[in-house]
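In case you want the letters, here they are:
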Amino acid sequence: MVTPADHASLVWQIKEMQRTDALAKEQWIKYTTVEGGGIRDPAKHGAEFLQIFFNVKDSLEVQLPTMPSFSELFKEAQKASPSFRQAWSTYRAGMPMGGKYDDPCKHDDKFL
């Protein structure tokens, strides 16, 4: 029988893998799209489903995502780091016309 601690450990492993391994993230997306009804949150799946992913992960063929744009990297940094988000807000607010747009995609690379 799977304990809640086992389930929590599998969930943590998948979330950590998504943060650190682009290929594994794409494999998880494909697996959940095909087998999990498109539900990507590992906490919403049972331990058996999660364990099967680890068993079949290396057999899932996916394309690595293309290199993100500079503004997309800014967005990712904002999501990952509260201090980066605060620094971006402070920088943006101090620039002419910068306070108008919080979304980095609305600015050119020179502004960023």
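Provided above is the structure to which this section pertains.
Residues numbered from 1 in each chain as written. Predicted model: local features only at pLDDT ≥ 70, side-chain atom pairs only at ≥ 80, totals over all residues. Heavy atoms only, no water.

Comments concerning the packing of helix α1 (residues 4-20) against helix α3 (residues 47-56)
Note the threshold: Between N-to-C directions, angles span 0 to 180 degrees; the directions come from axes that are lines fitted to C-alpha atoms, helices contributing only their stretch in contact. Strands are runs of DSSP state E lasting at least 2 residues, helices are runs of H or I lasting at least 4, and numbering of each runs from the N terminus. Roughly parallel covers angles under 35 degrees, roughly antiparallel covers those over 145, roughly perpendicular covers 65 to 115, and oblique covers all other angles. The hand of a helix crossing depends on one turn: near helix anticlockwise from the far one by less than a right angle means left-handed, and clockwise means right-handed. Any two residues whose heavy atoms approach within 4.5 Å at even a single point are treated as in contact. Basically, the charged four are Asp, Glu, Lys and Arg, the nonpolar ten are Ala, Val, Leu, Ile, Met, Phe, Trp, Tyr, Cys and Pro, and anything else, Gly included, counts as polar.
At a minimum axis distance of 9 Å, the contact between α1 and α3 shows a crossing angle of 45 degrees. With respect to α3, the axis of α1 lies oblique. When the axes of α1 and α3 are compared, the crossing they make is left-handed. Across the interface between the two elements, His-7, Leu-10, Val-11, Gln-13, Ile-14 and Met-17 of α1 pack against Ala-47, Leu-50, Gln-51, Phe-53 and Phe-54 of α3. Considered class by class, the residues forming the contact of α1 with α3 number eight nonpolar, three polar and no charged.

Comments concerning the packing of aromatic side chains
Spelled out, the test is: Within 6.5 Å between ring centres, the rings of Phe, Tyr and Trp (the latter by its six-membered ring) count as paired, and their orientation is classed by plane angle as stacked under 30 degrees, edge-to-face over 60, tilted in between. Only protein chains enter the accessibility calculation, which uses a 1.4 Å probe. A residue is then buried if its area is under 20% of the maximum for its type, exposed if over 50%, and partly exposed in between.
Per the counting criterion, the structure on display carries six aromatic pairs. Aromatic side chains Tyr-31 and Phe-49 sit 4.6 Å apart centroid to centroid with 35 degrees between the ring planes, which places their arrangement in the tilted category. Of this pair, Tyr-31 sits in helix α2 (residues 22-35) while Phe-49 sits in helix α3, and the two are 18 residues apart along the sequence. Classification of Tyr-31 as buried rests on a relative accessible area of 6%.

Focus: the pattern of salt bridges
Counted only if it meets this: Between Lys or Arg on one side and Asp or Glu on the other, a salt bridge is scored when a side-chain nitrogen of the former is within 4 Å of a carboxyl oxygen of the latter.
Across all of its chains, the model carries three salt bridges by this definition. With its nearest N and O atoms 3.3 Å apart, the salt bridge here joins Lys-57 to Asp-58. Exposure remark for Lys-57: the relative accessible area of 16% places this residue in the buried category. When its relative accessible area of 68% is taken as the criterion, Asp-58 is described as exposed.

Structural notes on the nonpolar core
Nonpolar side chains in soluble globular proteins tend to be buried together. For clarity, the threshold we go by: Definition of nonpolar core: a set of buried residues of the types Ala, Val, Leu, Ile, Met, Phe, Trp, Tyr and Cys, connected through side-chain atoms within 4.5 Å.
Within the largest apolar cluster, 12 residues are counted, these being Leu-10, Val-11, Ile-14, Met-17, Ala-24, Trp-28, Tyr-31, Ala-47, Phe-49, Leu-50, Phe-53 and Leu-60. Those elements that provide at least two residues to this core are α1, α2 and α3. In this view, Leu-10 contacts Ala-47, Leu-50, Gln-51 and Phe-54; residues no more than four positions away in its chain are not counted.

Quick notes on α2
To be explicit about the condition: Expected span of a helix, by definition, is 1.5 Å for each gap between consecutive residues, and there is one gap fewer than residues. Side-chain atoms alone can form a polar contact between residues adjacent in sequence; in general such a contact is a pair of N or O atoms within 3.5 Å, and within protein one must be able to donate a hydrogen while the other accepts it.
Taking 1.5 Å as the rise per residue, α2 with 14 residues should run 20 Å; its terminal C-alpha atoms sit 20 Å apart, in good agreement. Of all the positions in α2, only Ala-24, Gln-27, Trp-28, Ile-29, Tyr-31 and Thr-32 are classed as buried. In this structure, the buried side of α2 is in contact with α1 and α3. A side-chain oxygen of the first residue of α2 lies 3.0 Å from the backbone nitrogen of Leu-23; this N-cap is Asp-21. Following α2 by one or two positions, Gly-37 has its phi on the positive side, about 65 degrees.

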